[in-house]
Amino acid sequence: MTGSPRPALSHRPAFSRRALIGSGLAVGAAALTASGSGAATAVERPAAARGSARRRAHSFLAAAMDAYPDHGTVRLAQSYTDQAGLFSTAFTYDNALTILAALASGTADGRSRAVALGDALRYAQAHDPVYDDGRLRQAYNVGPYTFYDGSPQPDGFVRADGTANVGTQFGFTGTAVGDMAWAGIALAALARRTGERRFLDAAVRIGEWIERVGRTDEPLGGYKFGVNGADEKLPFTSTEHNTDLVGLFGQLARLTGDRVWRERRARARAFVEKMWEPSGGFFYTGTNDGVTVNKSPIPEDTQTWTHLALASRAHARSLDWAASRLAVLDTADRRNSTVPAGQSYAGVTFSSASLVANEDAPIAPGQPKPDRNGVWFEGTAHLALALRIRCARGDETRARRLLASVERAQDLLGGGQTLGGGAVAEGSGVVSASSPLDTGFGFGYYPYRHAGATAWYLLAAARANPLAV
């Protein structure tokens, strides 16, 4: 098979893991939760090659941000290349990561782009077509297109009436606590870096929305999932989301000096620690009802992000669990692999369910069959970062091997793809997965170049921990 994935079919796009709650399609506390020794197939690169890989990754993020130059200077970055079938969709989560990666570049251009994206998030917050309560939506449209039903979508990020162009066509209209937390983390980072009060004010508005909407007094506590597109509260509580809040609330406490954020951080952390399984050395995904722990599937990012946010020696074994129990090696001879002949990629997959996915059935209607050994490059990158932060014996070597696999994917996978109809430079941008993989939560990842995966690679390469206080 070729290195380029087949395009999404008809009205069945390849959904992101953060694409499920806008129309009330949440499937459990792990749906938005989210690495791996494995057999390493890429050796560590010389410093010059690593520097080139980073520059090409940054150039992809810049291209994703600049894909619609005729539609205004207030803009967000398109999340996936056009071939994913999501048109100009810009997920809030991906744009938060793009801000953080741009700041981690340490360049004037990176700072300028981060500020522009931060101001775009502020614009969306202040110009929502329905609400004025500090929320952001799951995703926005950032350029014109014709939808699958033939209806024209002529606007950029800012609609003709001045409102933010919410991604209604795909139902990306809900608001998840985790997505909000990442936007707040990015805005807090901008506040620290620039000293500009407007970014801190926007981050505080996000935190206050989460407190009003998400806080729960259920037995397991913590903060709940968010709301769907009808503004109905969702019943789930996610380990990943509460991990994100440990980072956000801690950063708000530091920036504002207000003790209330420390109390809120402690509340989120207490929930996360209740999800710890000491006998196995990993974190469960969360709870569907606030009472019973949801014990399956077990996602990767509840193992890696917890270490980035908690910095807890007592829980550091979660990285070893992810690195061993979710390790995969994708090769061209795998049954449903789309990896070209002669190539192979090591890393981790999305969850324990990904390893036992039904390879005889499509991931979702209109989508390809999954490869159980498909590498999730976003997760592989944040495992690499978490290993570098932990810095135990052998961690740096393992991290560099994982990053080398991601860099090889950037070099060789996702060729011939486009952003806003314009060609993407070869060797720029990391695909979300080496082959189609089933997350275990009703959606998949595919070999399309992805802003989120690219940004996590850059954060790992720079040793920049976005969840640290």
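Here the structure is shown first, and the text comes after it.
On a predicted model such as this, the values are computed, not experimentally measured, just so you know.

Engineer: Is there a simple way to explain the pairing of strand β13 (residues 344-348) in this structure?
Structural biologist: Within a regular beta strand, the side chains point alternately toward one face of the sheet and then the other, so they alternate between its two faces. Of all five residues making up β13, five are buried, and the element is well covered by its neighbours. Alternating positions in β13 separate into two faces, Ser-344, Ala-346 and Val-348 on one and Tyr-345 and Gly-347 on the other, with burial throughout. One ladder, built from five bridges, connects strand β12 (residues 327-331) with β13; its direction is antiparallel. Each residue of the ladder has a partner; that of Asp-330, found in β13, is Tyr-345.

Engineer: Is there a simple way to explain the side chain of Arg-390 in this structure?
Structural biologist: Inspection of the secondary structure puts Arg-390 in helix α10 (residues 377-390). Polar contacts involving the side chain of Arg-390 include one to the side chain of Asp-320, which spans 2.9 Å. With residues near it in sequence (within four places) discarded, Arg-390 still touches His-307, Ala-316, Leu-319, Asp-320, Asp-395 and Arg-398.

Engineer: What exactly am I supposed to notice about a positive patch on the surface here?
Structural biologist: Together, Arg-111, Arg-192, Arg-193 and Arg-254 make up a region of like positive charge exposed at the surface. With respect to the secondary-structure elements, Arg-254 resides in helix α6 (residues 239-256). In this structure Arg-254 comes out as exposed when scored by relative accessible area, which is 57%.

Engineer: Honestly, the packing of aromatic side chains in this entry has me stumped. Any pointers?
Structural biologist: A ring pair, where both rings are aromatic, is described by two values, the distance of the centres and the angle of the planes. Per the counting criterion, the structure on display carries 30 aromatic pairs. Seen from their ring centres, Phe-87 and Tyr-145 are 4.4 Å apart, and the 5 degrees between their planes marks the pair as stacked. Here Tyr-145 lies in strand β3 (residues 145-146) and Phe-87 lies in the loop between α1 (47-65) and β1 (89-91), a separation of 58 residues in the sequence. A centroid spacing of 5.7 Å and a plane angle of 25 degrees characterise the contact between Trp-305 and Trp-456, whose relative ring orientation is stacked. Remark: Trp-456 occurs in helix α12 (residues 451-461) and Trp-305 occurs in helix α8 (residues 301-310); sequence separation between them is 151 residues. The exposure class of Trp-305 is buried, given its relative accessible area of 0%. Ring pairs connect the aromatic residues Phe-87, Phe-91, Tyr-145, Phe-147, Tyr-148, Phe-170 and Phe-172, which therefore count as one cluster. In this arrangement the basic side chain of Arg-408 is found over the ring face of Tyr-345, its NZ or CZ atom lying 5.6 Å from the centre.

What counts and what doesn't
- Residues numbered from 1 in each chain as written.
- Predicted model: local features only at pLDDT ≥ 70, side-chain atom pairs only at ≥ 80, totals over all residues.
- Heavy atoms only, no water.
- Buried < 20%, exposed > 50% of the residue type's maximum accessible area, 1.4 Å probe, protein only.
- Helix = DSSP H or I, 4+ residues; strand = E, 2+ residues; numbered from the N terminus.
- Pairing = 2+ DSSP bridges.
- Polar contact = N/O pair within 3.5 Å; in protein donor to acceptor, adjacent residues only side chain to side chain.
- Contact = heavy atoms within 4.5 Å.
- Patch = residues over 30% accessible without salt bridge, like charges linked within 9 Å, V, L, I, M, F, W, Y side chains within 5 Å.
- Areas by Shrake-Rupley, 256 points an atom, 1.4 Å probe, with all protein chains shown as cover.
- Salt bridge = Lys/Arg side-chain N within 4 Å of Asp/Glu carboxyl O.
- Lys, Arg positive; Asp, Glu negative; His and termini not counted.
- Charge placed at Lys NZ, Arg CZ, Asp CG, Glu CD.
- Phe/Tyr/Trp six-rings, centres within 6.5 Å; stacked < 30°, edge-to-face > 60°.
- Lys NZ or Arg CZ within 6 Å of the ring centre and 35° of its normal.

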